[in-house]
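The primary structure of each chain is shown beneath.
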Amino acid sequence: MRFQKRWFIVLAGFVVTLTAVFLMVYYISMERAILDSENAAMLQAAQSVATDLDGVVTSANALSTQILYSDRFKQLFYSGIFGSSTGSVTRRQAFNAAFYSITGPQTPPFQVNAVDRDGHVASFGLTPSTLTLSAEAMRAIPWLSKCRSLDGAKLISATAPNAILKSPSPVVSLSRCFGLNWFSRKDSLLEVQIPYDYIVKRVRSHRMERVWRVQILDGSGALVYPLAQDALPGGGDSGGWPYFRLSAGDQTFMAARVQSGTFGWTVGVYENIADYTRQARRFRNLLLLSAAALLAAALMLSYRMSMRISRPIIQLRDSVSQLTLKTLRTAELAGAPSDLDEIEQLRRAYLKMIERLQASLDETVAARNMEIQSRMLALQAQMNPHFLYNTLTTISILAENGHCDKVFDAVGRLSEMLRYSNDASTLPVTVEDEIRHTLDYISLIELRFDGDFSFQLDIPPAMRGILMPRLTLQPLIENCTKYACVGEPPWRVRLRGEVLPRGWTIRVEDDGPGFASDRMDALNAAFRQASPLGPGGELEGIGLHNIRARLLFLYGQRARFGFGNLPEGGAYIEIGCDEETPCDTES
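Residues numbered from 1 in each chain as written. Predicted model: local features only at pLDDT ≥ 70, side-chain atom pairs only at ≥ 80, totals over all residues. Heavy atoms only, no water.

A. Spotlight on the overall build of the protein chain. Counting its regular elements, the protein chain contains 15 helices and 20 strands. For the protein chain, buried positions account for 39% of its 587 residues. Of the accessible surface of the protein chain, which amounts to about 33200 Å², a share of 56% is contributed by carbon and sulfur atoms. (Helix = DSSP H or I, 4+ residues; strand = E, 2+ residues; numbered from the N terminus. Buried < 20%, exposed > 50% of the residue type's maximum accessible area, 1.4 Å probe, protein only. Areas by Shrake-Rupley, 256 points an atom, 1.4 Å probe, with all protein chains shown as cover.)

Below you can see the structure in the form of structure tokens.
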């Protein structure tokens, strides 16, 4: 035993050392792959932001182009809408209507400013208004002279305070000059402002600034996002596109950047290398610690399990702890027989106990199945004698009146119903079988009421293969004809089904007087007191108790059964099954 213990310790030390070396080599070899993966994730994030902002600027540019392509907009703008006369007010109202006919009822998330050569401003969007800028205020607009020099081409400026509306809230301006028509002098200005807050919202919707920082520059290198006080401090960078390093003071960032293919904006995603290496070291230490702990535990467990006496005891204990009714039939004791007589006798006694438990369980289950099968046959075999009497009377009247085709069809359908009802099988049937049987019954009912009865079927095809107890749907329809067809015709009954995320339901609805409150109380009380094996012999006919009992037989606690009154009048009865998968279907 002492030699075995020493050898095990030597072997354990060798395995631990070898494993530690392997993990270290593996970590070093994977470090570059992890860094490449981090860079790829940053690049993908930058591309996602660039694509999103491209869409925003494209929308603003499309709005600007759409407005300037409207001749009516430009004609009204040059028709003198900024005066105080009645005509000016009328033209201004028409001008406003022309703008909203272009943008539609949904106000875009932009501010649109139209400025004429005299400084008159018509604003739409987030802050609709009209105002007049002084010559000094016009000269203070930083991008105005450059925009005029572009002769109608678009100009996208960096983030800056709102110069036209004199608001400190920063915006990104997309502007272009225009005239009365494409050939006239372009002496007016159309500006579409993208609020900086909207850009912030779009960037933050990508949910990455908890780990990474984002910086956006326009085509000239001016800052678009974030604001200057939140931007990274200046510094040199090394490396080309798309990955590079940025030195900012005493900090170094690794970054990935992409350039918008539409408007030339550059989106950069930055991560502090100190944060990255700190996370990498934490991951490495956790990996080594976890590996060492698991290896030590595994070696210790192997050592203890190798002991000659403890092995069969542990096997027996594990087998007993895992033994359940579901695993009883397949339970066995792993391992070879023990060479210790006392332990081997205990092992054989345990296996013999399992055999006796299985035999006793089989006998109990067989007796229970026989009892349930007998009760199912008794419940299933019931049929309403009044329906048979009324149907045969209707057939005899048709025969006396010479309606041979109707008699032939009615007798055939009644024959099918009797064959289906008297089938001795207790196996469940499909919804399709129940619908076919129910339609035979509906045909006979419509023949009896001669146009005063209306039936609507709404069962989706996906439910046709669901398994359910035999004679479930037709008794529900029969219950409606018994209690709902008491007022003035026509009487309406609807059968509809629905597949749920975890199960299914089928509901029967009618337009009759509904359940009386005392009747509902009595039914609920009866259901609470009902035997698990069904209503027994105290109820006549196939009724709600019968159906509920057979649903419980088939589905157990998953069965769904309910009833009540509809808000618009009438009653409903609902059956179904709740389970992990949508429904059990015929295989």
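B. How the structure looks around the confidence of the model for the protein chain. Residue-level pLDDT values for the protein chain average 80, and 80% of them are 70 or greater. A low-confidence stretch, residues 377-381 stays under pLDDT 50, and its non-local contacts, those more than four residues away or across chains, total 14 contacts. In the predicted structure, residues 536-542 sits below a pLDDT of 50 and forms eight contacts with residues beyond four places in sequence or in another chain. (pLDDT = per-residue confidence, 0-100. Contact = heavy atoms within 4.5 Å.)

C. Up close: the packing of helix H12 (residues 431-449) against helix H13 (residues 473-483). Two elements in contact, H12 and H13, have axes separated by 8 Å at closest approach and are oriented at 25°. Overall, the two elements H12 and H13 adopt an arrangement that is roughly parallel. Of the residues in H13, those touching H12 at Glu434, Ile435, His437, Thr438, Tyr441, Ile442 and Ile445 are Leu473, Gln474, Ile477, Glu478 and Thr481. (Axes fitted to C-alpha atoms, helices over the stretch in contact; angles between N-to-C directions. Parallel < 35°, antiparallel > 145°, perpendicular 65-115°, else oblique.)

D. Fine view of the sheet that holds strand E18 (residues 503-510). On the basis of which strands lie adjacent, the open sheet formed by five strands has the order E15-E17-E18-E20-E19 and mixed pairing. At either end of the open sheet lies a strand with only one pairing partner, and these are strand E15 (453-458) and strand E19 (559-565). Neighbour to neighbour, the strand axes of the sheet diverge by 10° on average, direction disregarded. Pairing geometry for strand E17 (residues 491-500) and E18, over eight bridges, is antiparallel. Considered in E18, the bridge of Val493 is made with Asp510. Sheet contacts for helix H15 (residues 544-555): E18, E19 and strand E20 (571-578); angle to E19, the most-contacted strand, approximately 155°. (Pairing = 2+ DSSP bridges.)

E. Spatial organisation of the side chain of Glu574. Here Glu574 is to be found in strand E20. A polar side-chain atom of Glu574 sits 3.4 Å from a polar atom in the side chain of Arg507. Setting aside anything within four residues of it in sequence, one finds Glu574 in contact with Thr505, Ile506, Arg507, Arg560, Phe561 and Gly562. (Polar contact = N/O pair within 3.5 Å; in protein donor to acceptor, adjacent residues only side chain to side chain.)

F. Inspection of unusual backbone geometry at higher detail. In this structure, the amide linkage connecting Tyr225 to the following residue, Pro226, adopts the cis form with an omega of -5°. Position of Pro226 relative to the elements: it lies in the loop between strand E9 (223-225) and strand E10 (237-238). Put simply, Pro489 and Pro490 share a cis peptide bond, and its omega is 0°. A positive phi angle, near 55°, is found at Lys166, a position not held by glycine. With respect to the helices, strands and loops of the structure, Lys166 is situated in the loop between strand E5 (160-162) and strand E6 (167-178). A relative accessible area of 57% places Lys166 in the exposed class.

G. Region of interest: the environment of Ser205. Checked against the element boundaries, Ser205 lands in the loop between helix H6 (196-204) and strand E8 (213-217). Residue Ser205 is classed as partly exposed on the basis of its relative accessible area, which comes to 39%. As for Ser205 and Asp52, which are separated by 153 residues in sequence, their C-alpha atoms are 10.0 Å apart. Here the side chain of Ser205 touches Arg202 through a polar contact of 2.5 Å, landing on its backbone oxygen.

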